[in-house]
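Now for the letters of each chain:
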Amino acid sequence: GDAFEIDMYSSCIFRQTPPRKDMYKELREMQNHNWAQRCIGKGANMAKLGDFAKAISCYDQALDLEPRNVEAFVHKGAARVHMKMYAEAIREFNAALKLEPNREDVRQYLLGAREKLHEFDDTESGGTYSLQGSVRRANSLGADSDSSETPSAHSAAYHKQLKKK
């Protein structure tokens, strides 16, 4: 080294060892998580304003950044419930439960969406569909969901909580 004891492994910036070469992956994950959280917040604001299509777009952006973000799935499902897209909401909730199976709130949202789907089927078809058939159709949508259609849903109760804030 020289008089200042600076060599290629130490400098004025790094007093110990240089950063690991794979550190960028951790930094990127942290950035993506933070950006995803911002997208979820923006989506929640859109949902509060009643613009559920824009909210879903925000939740999709969050899921593009962080594909395993349970909250994005839950919020997206809630927005779909408000849009009366019950089968899609069920798919979102199922995806959230695959990631976090012990989320009781998501289970409740899923049950609510299933009930709404049943009511909707009865109204639209004059009652010709059975609850089992509706649930089977909705579950089949969630069972093989691909990563481009990410699941997440909330019930009306969730958005009522949002409106109170």
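The paragraphs below set out a description of the structure included in this document. (Residues numbered from 1 in each chain as written. Predicted model: local features only at pLDDT ≥ 70, side-chain atom pairs only at ≥ 80, totals over all residues. Heavy atoms only, no water.)

1. Quick notes on helix α2 (residues 52-65)
The following threshold applies: In this text, helices come from DSSP runs of H or I with a minimum length of four residues, and strands from runs of E with a minimum of two, each type numbered from the N-terminal end. The span you would expect from a helix comes to 1.5 Å times its residue count less one. The buried label goes to any residue with under 20% of its type's maximum accessible area, the exposed label to any with over 50%, and the partly exposed label to all in between, with areas taken from a 1.4 Å probe on protein chains only. Taken from the helix axis, the directions to the C-beta atoms give the arc we talk about.
End to end, α2 covers 20 Å across 14 residues, agreeing with the expected 20 Å (1.5 Å per residue, within 8%). Buried residues of α2: F52, A55, I56, C58, Y59, A62 and L63, and no others. Down the axis, α2 shows its buried residues gathered within 160° of arc, on one side only.

2. Concerning the environment of H33
Rules: Whenever two N or O atoms come within 3.5 Å, that pair is a polar contact, provided that in protein one can donate a hydrogen and the other can accept it, and provided that, for residues adjacent in sequence, both atoms are side-chain atoms.
Relative to the helices and strands, H33 resides in helix α1 (residues 23-48). With relative accessibility at 35%, the residue H33 sits in the partly exposed group. Distance in space between the C-alpha atoms of H33 and P67 is 9.9 Å, their sequence separation being 34 residues. For H33, the side chain forms a polar contact with the side chain of E66, separated by 3.0 Å.

3. Here's the deal with the nonpolar core
Spelled out, the test is: As used here, the term nonpolar core means buried Ala, Val, Leu, Ile, Met, Phe, Trp, Tyr and Cys residues forming a set that is joined through side-chain atoms within 4.5 Å.
Y59, V74 and F93 are the most contacted members of the largest nonpolar core, which totals 31 residues. Only α1, α2, α3 (70-82), α4 (86-99) and α5 (104-125) provide two or more residues apiece to this core.

4. Section: the packing of α2 against α3
Two quantities define a packed helix pair, namely the angle between the helix axes and the distance between the axes. Convention followed: Interaxial angle, 0 to 180 degrees, is taken between N-to-C directions of lines fitted to C-alpha atoms, where a helix line uses only the stretch in contact. Should an angle fall under 35 degrees it is taken as roughly parallel, and over 145 as roughly antiparallel, whereas 65 to 115 is taken as roughly perpendicular and any remaining angle as oblique. Crossings are classed by handedness, with left-handed meaning an anticlockwise turn of the near helix from the far one by less than a right angle and right-handed meaning a clockwise turn. Two residues qualify as a contact provided that any one of their heavy atoms is within 4.5 Å of a heavy atom in the partner residue. Residues are grouped as follows: Ala, Val, Leu, Ile, Met, Phe, Trp, Tyr, Cys and Pro are nonpolar; Asp, Glu, Lys and Arg are charged; all remaining types, including Gly, are polar.
Packing of α2 against α3 brings their axes to within 9 Å, and their N-to-C directions diverge by 160°. By the angle class used here, α2 and α3 are roughly antiparallel. In the crossing of α2 with α3, the sense of the turn from one axis to the other is left-handed. In contact with F52, I56, Y59, D60, A62 and L63 of α2, α3 contributes A72, F73, H75, K76, A79, R80 and H82. Along the lines of polarity and charge, the residues of the contact of α2 with α3 split into eight nonpolar, two polar and three charged.

From the geometry alone we can't say anything about function, so treat these as descriptive.
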